[in-house]
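Next come the chains, spelled out residue by residue.
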Amino acid sequence: MSGKSKVNGVASPQIEIIDAIDDPKYEQFLYWCIIHRRAKWIPITSYTDYENDFRYRYLKAAIPKGFHKKVLFLNGDYVAMIEYASAEVSGYPITNDSVIVMNCIWVLRKDRGNNYAKLLIQEMMDSEKEASGFATIGLENHWTVWLKRKQMEGLGFKSVRSIELMHKIRHQGRRFTLHLMWMPVKEGAKPPTWDESKLLEGT
Ligand SMILES: CC(C)(COP(=O)(O)OP(=O)(O)OC[C@H]1O[C@@H](n2cnc3c(N)ncnc32)[C@H](O)[C@@H]1OP(=O)(O)O)[C@@H](O)C(=O)NCCC(=O)NCCS
């Protein structure tokens, strides 16, 4: 998707959304999050053992099954991105065959409040017409900035399930709530569920 227009003779910002899986020149966006701005990108294929890289193997399995990573460029510079996949190959143990799972969304701080996140959500919805709805996770009372429940609600998701968790090693004793966030788009869509045992794997 792209767009450029003139209002009263003044050029308005040019917004372009690309899918990083479509062109090798965007490969970098498949491997790092735009929050980590890097001066120089090191191509994955220059690693000695890139075929055993976790992300490489994940992408190899997930791209044929509906993984997408879309990046929004403003006047040629990246400012926002969204990553999503079918529930089968998403990064979260969310189950429901007709659901698309948003793994991540991020808008650079300086560019927030301009509807870029909403544009990316719309882009995801427009390209996934078969989906009964969209799911993601939301964190409450967590001490990081990641995927806050309130922010996900602002994007149109609502909590349909939650679990109270604690990390096993760091911040022991500090509890937070993980929410399964859901945005149905088809009438009567069945909310997704998740595999709690997988949620409890790891530290
Ligand atoms: C949430 C986020 C994507 C919103 O991006 P944005 O471009 O500023 O959002 P938009 O301008 O499209 O606004 C979308 C809606 O989100 C809501 N919103 C935005 N920031 C919010 C906030 N801090 N708290 C609650 N709601 C918020 C707004 O209400 C807005 O809805 P409205 O226009 O109907 O009022 C952005 O703040 C972000 O990147 N946060 C971090 C997300 C994260 O933790 N990602 C995890 C990485 S894995």
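Residues numbered from 1 in each chain as written. Predicted model: local features only at pLDDT ≥ 70, side-chain atom pairs only at ≥ 80, totals over all residues.

Okay, the overall build of the chain next. Across its full length, the chain holds five helices and 12 strands. By the compact-globule yardstick of 17 Å for 203 residues, the chain fits well, its C-alpha radius of gyration being 18 Å. In terms of overall dimensions, the chain has C-alpha extents of about 55 × 50 × 35 Å along its principal axes. Counting all 203 residues of the chain, 27% fall into the buried class. Of the contacts formed within the chain by residues at least 6 apart in sequence, a portion of 58% connects residues at least 24 apart. (Helix = DSSP H or I, 4+ residues; strand = E, 2+ residues; numbered from the N terminus. Rg over C-alpha atoms; globule rule 2.2 N^0.38 Å. Buried ≥ 20, exposed ≤ 12 C-beta atoms within 10 Å, placed from the backbone. Contact = placed C-beta atoms within 7 Å.)

Take unusual backbone geometry next. The phi torsion at Asn 75 lies on the positive side, around 50 degrees, for a residue other than glycine. Within the fold, Asn 75 resides in the loop between strand 5 (68-74) and strand 6 (77-86). Note on Asn 75: 11 C-beta atoms within 10 Å, which makes it exposed. For His 171, which is not glycine, the phi torsion reads 55 degrees and is therefore positive.

Topologically, Ile 18 is positioned in strand 4 (residues 15-19). A tally of 19 C-beta atoms within 10 Å means that Ile 18 is categorised as partly exposed. With sequence-adjacent residues up to four places away left out, Ile 18 is seen in contact with Tyr 26, Lys 70, Val 71 and Phe 73.

Attention shifts here to the site of the ligand. In the neighbourhood of the ligand, 18 residues make up the surrounding shell, with Cys 104, Arg 112, Ala 117, Lys 118 and Gly 154 lying closest. Counting only elements with at least two residues in the shell around the ligand, the list comes to strand 8 (99-107), helix 3 (116-127) and helix 4 (149-154). Top contributing element to the shell around the ligand by residue count: strand 8, with four residues. The residue inventory of the shell around the ligand, partitioned by class, reads 10 nonpolar, five polar and three charged. (Near = placed C-beta within 6 Å. Nonpolar A, V, L, I, M, F, W, Y, C, P; charged D, E, K, R; others polar.)

Here we take up the nonpolar core. Counting residues in each nonpolar core, the largest one holds 42 residues, and the members touching the most others are Leu 72, Ala 80, Ile 94, Val 99, Val 101, Leu 120 and Ala 135. In terms of residues, this core owes the most to one element, strand 8, which gives seven residues. Those residues in contact with Val 99 that sit more than four places away from it in its chain are Ala 87, Ile 94, Ala 131, Ser 132, Gly 133, Phe 134, Ala 135 and Pro 192. (Core = buried A, V, L, I, M, F, W, Y, C linked by C-beta atoms within 7 Å.)

Our focus in this paragraph is the environment of Ala 87. Looking at the element boundaries, Ala 87 is found in the loop between strand 6 and strand 7 (94-95). By C-beta crowding, Ala 87 is classed as buried, having 21 other C-beta atoms within 10 Å. Along the backbone, Ala 87 and Pro 192 are 105 residues apart, and their C-alpha atoms lie at a distance of 9.2 Å. Ignoring any residue separated from it by four or fewer positions in sequence, one finds Ala 87 in contact with Ile 94, Thr 95, Asn 96, Asp 97, Val 99, Val 101 and Pro 192.

For an α-helix, the turn length of 3.6 residues means that residues three or four places apart are oriented alike. Taking 1.5 Å per residue as the helical rise, helix 3 with its 12 residues ought to reach 16 Å, and the 17 Å between its terminal C-alpha atoms agrees with that figure. Within helix 3, burial applies to Tyr 116, Ala 117, Leu 120 and Ile 121. Viewed end-on, helix 3 has its buried residues packed into an arc of 145 degrees, placing them on one side of the element. Where helix 3 is buried, its residues contact strand 5, strand 6 and strand 8. (Expected span 1.5 Å × (residues − 1). Arc of directions from axis to C-beta.)

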